[in-house]
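Letter by letter, the chains look like this.
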Amino acid sequence: MPSSRDLSVSTIAIHGGRTLDSHASSILFPLYQTSTFVHDAVGVDKGFSYSRVSNPTVDALEKAIGALEGTPPAVCFRTGMGAVTTLFLSVLRAGDHAVLSDVVYGGTMRIFHEVLYGIGISGSFVDTSDPAQVEAAITPATRIIFIETPGNPTLKLADIEAVSQIAKRHSILLAVDNTFLTPILQKPFELGADISVLSTTKYIDGHNATVGGSLATHDEKLLERFRLIRKTIGSIQSPFEAWLVLQGIKTLPARLKLHCEHAAEIAGWLEKHSAVDHVYYPGLDSFPQKGLAEKQQSAPGAMIAFELKAGTEAAIRVLNSVQLCSRAESLGGLETLITHPSSTTHADVDPELRRKLGISDGLIRLSVGLEDAADIIADLEQAFAATNCSE
Ligand code: PLP
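Owing to the predicted nature of the structure, the values given are computational and were not obtained by experimental measurement.

Participant: Explain the overall build of the protein chain here, please?
Facilitator: The helix and strand inventory of the protein chain stands at 14 helices and 12 strands. In terms of overall size, the protein chain behaves like a compact globule, its C-alpha atoms giving a radius of gyration of 21 Å where 391 residues would be expected to give roughly 21 Å. Taken along its principal axes, the extent of the C-alpha atoms in the protein chain is 75 × 50 × 35 Å. Within the protein chain, the proportion of its 391 residues that are buried is 55%. Excluding contacts between residues fewer than 6 apart, the proportion of contacts in the protein chain whose partners are at least 24 apart in sequence is 72%. Here the protein chain displays about 16100 Å² of accessible surface, and carbon together with sulfur accounts for 54% of that area. With 32 positive and 44 negative side-chain charges, the protein chain shows a spacing of 6 Å between the two charge centroids.

So this is what it looks like as structure tokens:
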């Protein structure tokens, strides 16, 4: 196969990092659904020993994600939170400190509150859309900056390049949770990041079939450390889930193109609708950081958040009235999902902090799927009408 550098992203998604299996050359890499591997002799094996440490199918997925990231093979985990947890346990010890986006996924906040604070690791959650606040939060104990951009659910952006310059000046690591865009729409390494974090549960799988995560970096020592901690805490991806994700990745660029087209259409419709108070979508002229989105993303993505003029109760009635959109957590799959962040993804976040972050109780989040955009619009319209939101 030609070098990945010569291939377009659609080709890399299908062929990047792929090898034919050595037994039968099946076009799909086989599923090695096994816990253990037989040694040829004492101390002689074929590179695999036990599936908590590594597995050929998980290995194949790691190569495929590495090809998309433009890095050596990634390290894959049972969940996105498995990846996030392994990252922090790999680079932080008691007494260390991290700086994080105030709009990170609720689970990333919870790992600090429920686990890391208890073992002497501290974290500051700051508005990383303002690089000055990132720099001001750094202490001599800071080892890592962790940003999520776009942030969840208001899609607030952080300037990856500006934050990476701060990280370099202070000799600390920069990790970017790129789950909302994937390396197809945003390339953290080209913007100076050291580590890319993905919940593969979302667009990478794309079919709402699996839960998983990955860490990618160019730093071989960090990769080795991630694998060691993964083996120690037992957070490796399962072979079957890895096999499913290997299939999902192949259509990632094609899916994202359609996801983004549909999201742009729906966001434009929402913004014009008389029942809607505010729409958060990086592709709209009204989005305050549209310029930054254009600078560091190749498309606005397919996540939208909006608020209704009629307020919280009306928003809940709309959520209960949709017929095609699915009321569900998660994002990035073929099905359009509609979520109420304050009672689901961000339910554990202190209500006062939620309000400060712009996550009102009336905020609705849409993960735009691949149904025809007109059908989603018709579904929202009937839900607005059924709940007397439409004026
Ligand atoms: N990062 C982001 C941005 C997320 O949205 C999520 C989950 O929603 C995670 C990480 C955690 O991933 P998982 O649910 O696969 O553990």
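Back to the text.
Participant: Mind showing me how you'd approach the sheet that holds strand 7 (residues 213–217) here?
Facilitator: Sheets are built from strands that pair by backbone hydrogen bonding, the pairs being arranged parallel or antiparallel. Read across the open sheet, the 7 strands follow the order 1-7-6-5-4-2-3; overall the sheet is mixed. At either margin of the open sheet sits one strand with a lone partner, and together these are strand 1 (75–77) and strand 3 (122–126). Each adjacent strand pair in this sheet contributes to an overall mean axis angle of 20°, direction not counted. By the bridge criterion, 5 bridges tie strand 2 (residues 97–101) to strand 3 in an arrangement that is parallel. Pairing of His97 across the sheet is with Ser122, part of strand 3. Relative to strand 1, helix 2 (residues 56–69) is tilted by about 120°, and along the sheet it contacts strand 1, strand 6 (195–199) and strand 7. Seen against the sheet, helix 4 (residues 106–116) touches strand 2, strand 3 and strand 4 (142–148) and runs at an angle of roughly 145° to strand 3.

Participant: What exactly am I supposed to notice about the site of the ligand here?
Facilitator: Neighbouring the ligand are 14 residues; Gly80, Met81, Asp177, Ser199 and Thr201 lie closest to it. The backbone of Met81 places a nitrogen or oxygen atom 2.8 Å from an oxygen atom of the ligand. Contact between the ligand and Thr201: an oxygen atom at 2.6 Å from a side-chain N or O atom of the residue. Grouping the amino acids of the shell around the ligand by side-chain chemistry returns 4 nonpolar, 7 polar and 3 charged.

Participant: What is the right way to look at the domain arrangement of the protein chain in this model?
Facilitator: Segmenting the protein chain into domains produces domain 1 (4–249) and domain 2 (252–386). The C-alpha centroid of domain 2 is placed 26 Å from the C-alpha centroid of domain 1. In this complex, domain 1 contributes 40 residues to the contact, which on the side of domain 2 involves 43 residues. Across the domain 1/domain 2 interface, buried area totals approximately 3200 Å², and carbon plus sulfur atoms make up 62% of it. Sorting the residues of domain 1 by area buried against domain 2 places Leu157, Leu185 and Tyr203 first, and these three jointly supply 23% of that buried surface. Viewed at the interface, domain 2 and domain 1 are joined by 2 salt bridges. Glu161 is paired through a salt bridge with Lys295; the nearest N and O atoms lie 3.9 Å apart. Among the elements of the structure, helix 1 (9–15), helix 4, helix 6 (160–169), helix 7 (182–185) and helix 9 (239–249) are those that each provide at least two residues to the side of domain 1 that touches domain 2.

Participant: Looking at this structure, how should I read the side chain of Thr71?
Facilitator: Here Thr71 lies in the loop between helix 2 and strand 1. Excluding residues within four positions of it along the chain, Thr71 makes contact with Gly66, Phe189, Ala216, Thr217 and His218.

Participant: How do you make sense of the packing of helix 2 against helix 9 when you look at a structure like this?
Facilitator: Each pair of packed helices gets described by two things: the angle between the helix axes and the distance between those axes. Two elements in contact, helix 2 and helix 9, have axes separated by 8 Å at closest approach and are oriented at 35°. In the crossing of helix 2 with helix 9, the sense of the turn from one axis to the other is left-handed. Of the residues in helix 9, those touching helix 2 at Thr57, Val58, Ala60, Leu61, Ala64, Ile65 and Leu68 are Pro239, Ala242, Trp243, Val245, Leu246 and Ile249.

Participant: How do you make sense of the pairing of strand 2 when you look at a structure like this?
Facilitator: The two faces of a sheet get side chains in turn, since along a regular strand they alternate between them. Within strand 2, 5 of the 5 residues are buried, which leaves it mostly tucked inside the rest of the structure. Once the chain exits strand 2 it traverses helix 4 before rejoining the sheet at strand 3, and the crossover so formed is right-handed. The pairing of strand 2 with strand 4 spans 4 bridges and is parallel. Residue pairing across strands places Val99 opposite Ile145, the latter belonging to strand 4.

Participant: What should I look at first to understand the nonpolar core in this one?
Facilitator: Soluble, globular proteins show a tendency: their nonpolar side chains are buried together. If you look at the biggest cluster of nonpolar residues, it comprises 74 residues, and the most contacted ones within it are Ile266, Leu270, Ile304, Leu308, Leu366, Leu380 and Phe384. Counting residues per element, this core draws most heavily on helix 10 (residues 252–272), at 8 residues. Here this core spans two domains, since at least three of its residues come from each of domain 1 (4–249) and domain 2 (252–386).

Participant: Where do I start with the packing of helix 10 against helix 14 (residues 373–386) in this structure?
Facilitator: At a closest axis distance of 9 Å, the pairing of helix 10 and helix 14 adopts a crossing angle of 30°. As the angle between them shows, helix 10 and helix 14 are arranged roughly parallel. Between helix 10 and helix 14 the crossing geometry is right-handed. On helix 14, the residues touching His262, Glu265, Ile266, Trp269 and Leu270 of helix 10 are Ala373, Ala374, Ile376, Ile377, Leu380, Glu381 and Phe384.

Participant: It is not clear to me how the state of the cysteines should be interpreted in this structure. Could you clarify?
Facilitator: Put plainly, two cysteines are in a disulfide when a covalent bond ties their sulfur atoms together. Scanning the model with the defined rule gives 0 disulfides in all. Counting only cysteine sulfurs, Cys325 is the nearest neighbor of Cys260, a cysteine outside any disulfide, at a range of 17 Å. When its relative accessible area of 10% is taken as the criterion, Cys260 is described as buried.

Thresholds, definitions, all that
- Residues numbered from 1 in each chain as written.
- Predicted model: local features only at pLDDT ≥ 70, side-chain atom pairs only at ≥ 80, totals over all residues.
- Heavy atoms only, no water.
- Helix = DSSP H or I, 4+ residues; strand = E, 2+ residues; numbered from the N terminus.
- Rg over C-alpha atoms; globule rule 2.2 N^0.38 Å.
- Buried < 20%, exposed > 50% of the residue type's maximum accessible area, 1.4 Å probe, protein only.
- Contact = heavy atoms within 4.5 Å.
- Areas by Shrake-Rupley, 256 points an atom, 1.4 Å probe, with all protein chains shown as cover.
- Lys, Arg positive; Asp, Glu negative; His and termini not counted.
- Charge placed at Lys NZ, Arg CZ, Asp CG, Glu CD.
- Pairing = 2+ DSSP bridges.
- Axes fitted to C-alpha atoms, helices over the stretch in contact; angles between N-to-C directions.
- Near = heavy atom within 4 Å.
- Polar contact = N/O pair within 3.5 Å; in protein donor to acceptor, adjacent residues only side chain to side chain.
- Nonpolar A, V, L, I, M, F, W, Y, C, P; charged D, E, K, R; others polar.
- Domains from an automatic or database assignment.
- Buried area = accessible area lost by both parts, 1.4 Å probe.
- Salt bridge = Lys/Arg side-chain N within 4 Å of Asp/Glu carboxyl O.
- Left-handed = near helix turned anticlockwise from the far one by under 90°.
- Right-handed = clockwise from strand over helix to strand, strands pointing away.
- Core = buried A, V, L, I, M, F, W, Y, C linked by side-chain atoms within 4.5 Å.
- Parallel < 35°, antiparallel > 145°, perpendicular 65-115°, else oblique.
- Disulfide = S-S within 2.5 Å.

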